[in-house]
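So you can see what is in the structure, the chains are spelled out below.
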Amino acid sequence: MADQRVLEGFNAGAARVALTGAVRTAPVGTTVGEITDKYDDSIFHNLGYISPDGVEISFDEEKQEYIPWQEASAIRVDITQATTSVKMTLWETGPGQLARFLGVPQGDLEDLAGGGQGFWQKSLPEFEHVQLNVDMIDKRKHKRVTFLDAQISERGALVLKKDEIFGLEMTYTTFPAGHEYRESQPEAVGNTARWQFNEDWKAAGEITSATDGVAALTVTSASLPEGTVGQEYTAKLSATGGTGSYTWSVDAGSSLPDGLSLSADGTISGTPTTEDLDEVTFKVTDGAGLVASKALAVTINAA
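Residues numbered from 1 in each chain as written. Predicted model: local features only at pLDDT ≥ 70, side-chain atom pairs only at ≥ 80, totals over all residues. Heavy atoms only, no water.

> Which residues make up the overall build of the chain, and what values go with them?
Secondary structure assignment for the chain yields two helices and 19 strands. Radius of gyration (C-alpha) of the chain: 27 Å, far over the 19 Å computed for a compact globule of 303 residues. Reported as C-alpha extents along the three principal axes, the dimensions of the chain are approximately 80 × 65 × 50 Å. For the chain, with 303 residues in total, the buried portion stands at 36%. (Helix = DSSP H or I, 4+ residues; strand = E, 2+ residues; numbered from the N terminus. Rg over C-alpha atoms; globule rule 2.2 N^0.38 Å. Buried < 20%, exposed > 50% of the residue type's maximum accessible area, 1.4 Å probe, protein only.)

> How would you summarise the pattern of salt bridges if you had to cite specific residues and measurements?
For the structure on display, the rule yields six salt bridges. For Lys63, the salt bridge goes to Glu61, with nearest N and O atoms at 4.0 Å. Given the relative accessible area of 53%, Lys63 is considered exposed. Under the relative-accessibility criterion, Glu61 is labelled partly exposed at 36%. Here Lys87 and Glu169 are joined by a salt bridge, their closest N and O atoms 3.9 Å apart. Remark: Glu169 occurs in strand 9 (residues 168-175) and Lys87 occurs in strand 4 (residues 76-90); sequence separation between them is 82 residues. (Salt bridge = Lys/Arg side-chain N within 4 Å of Asp/Glu carboxyl O.)

> So what's going on with the sheet that holds strand 15 (residues 247-250)? Which residues, and what values?
Spatially, four strands are ordered 12-19-18-15 in an open sheet, and the strand pairing comes out mixed. Sheet topology places strand 12 (227-228) and strand 15 at the edges, where each strand pairs with a single neighbour. The sheet contact formed by strand 12 and strand 19 (residues 291-301) spans two bridges and is parallel. Residue Thr228 lies in a different strand from strand 19, and its bridge partner there is Asn301. (Pairing = 2+ DSSP bridges.)

> So, the side chain of Gln196: which residues are in play, and what are the values?
Turning to its location among the elements, Gln196 is positioned in strand 10 (residues 193-197). Its relative accessible area of 5% is what places Gln196 among the buried residues. A distance of 3.0 Å separates a polar atom in the side chain of Gln196 from the backbone nitrogen of Ile35. In this view, Gln196 contacts Val32, Gly33, Glu34, Ile35, His142, Lys143 and Arg144; residues no more than four positions away in its chain are not counted. (Polar contact = N/O pair within 3.5 Å; in protein donor to acceptor, adjacent residues only side chain to side chain. Contact = heavy atoms within 4.5 Å.)

Dropping the structure here:
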């Protein structure tokens, strides 16, 4: 049995899986909007289906070690060069997608007499610089990273065979934002990427803990009912996992609205005296000393 104190404070609610997502390109200099904004299809181009390998974001770094005369190992290490790459395999292979992969400008596509499209492939590819937007979805959790300036720097082979889907494996190298952003979004200049996370991603104030052979102690209350000034209020907190009975308290740094109190069995009761909206962190302790906590909004409306 592991030491109880060592296993306190783990947050299973913060574990994420990239269940699905999408990759879009836009012209360099396009303003990076909020994660809640809908993409404008006239500006952002969806690269379509991506292989189940998903999107790989990798980091290539060079370091400088400083070793003094008096020591045999470094006393300081600085990163002197860092490159971020984004790798994926596209499963949608229309003429425009193939032209992009082969380094043929989109303007070089031509309509064929028979109704199709074609293009001439040059001896050297011409890869355009684009803004690259990668969205990752884990149920209601959403992460978006926008690489401000990216260019295709590596391509895989085109494999044509009957037992393997025809895909376009490509790697984008990213660069710091330049003058293209000076007017549209000056705060972006010099930065490489913008990372954003929606509200469901945060799991703020939520902690679960467990010990060997015991289900994690977790606060299961998802929300609390709203109250009204001058009217009696009651709500009951709930938890699962752990061992034995639960004891509830308000975590340090949090407080309930005036007129309300929390009993040890998890009942919030009283008559609120003022209009309020507080985020309160509730803490539960089981019979073996496991601890879990979660932040919940407590809303009291005017009479």
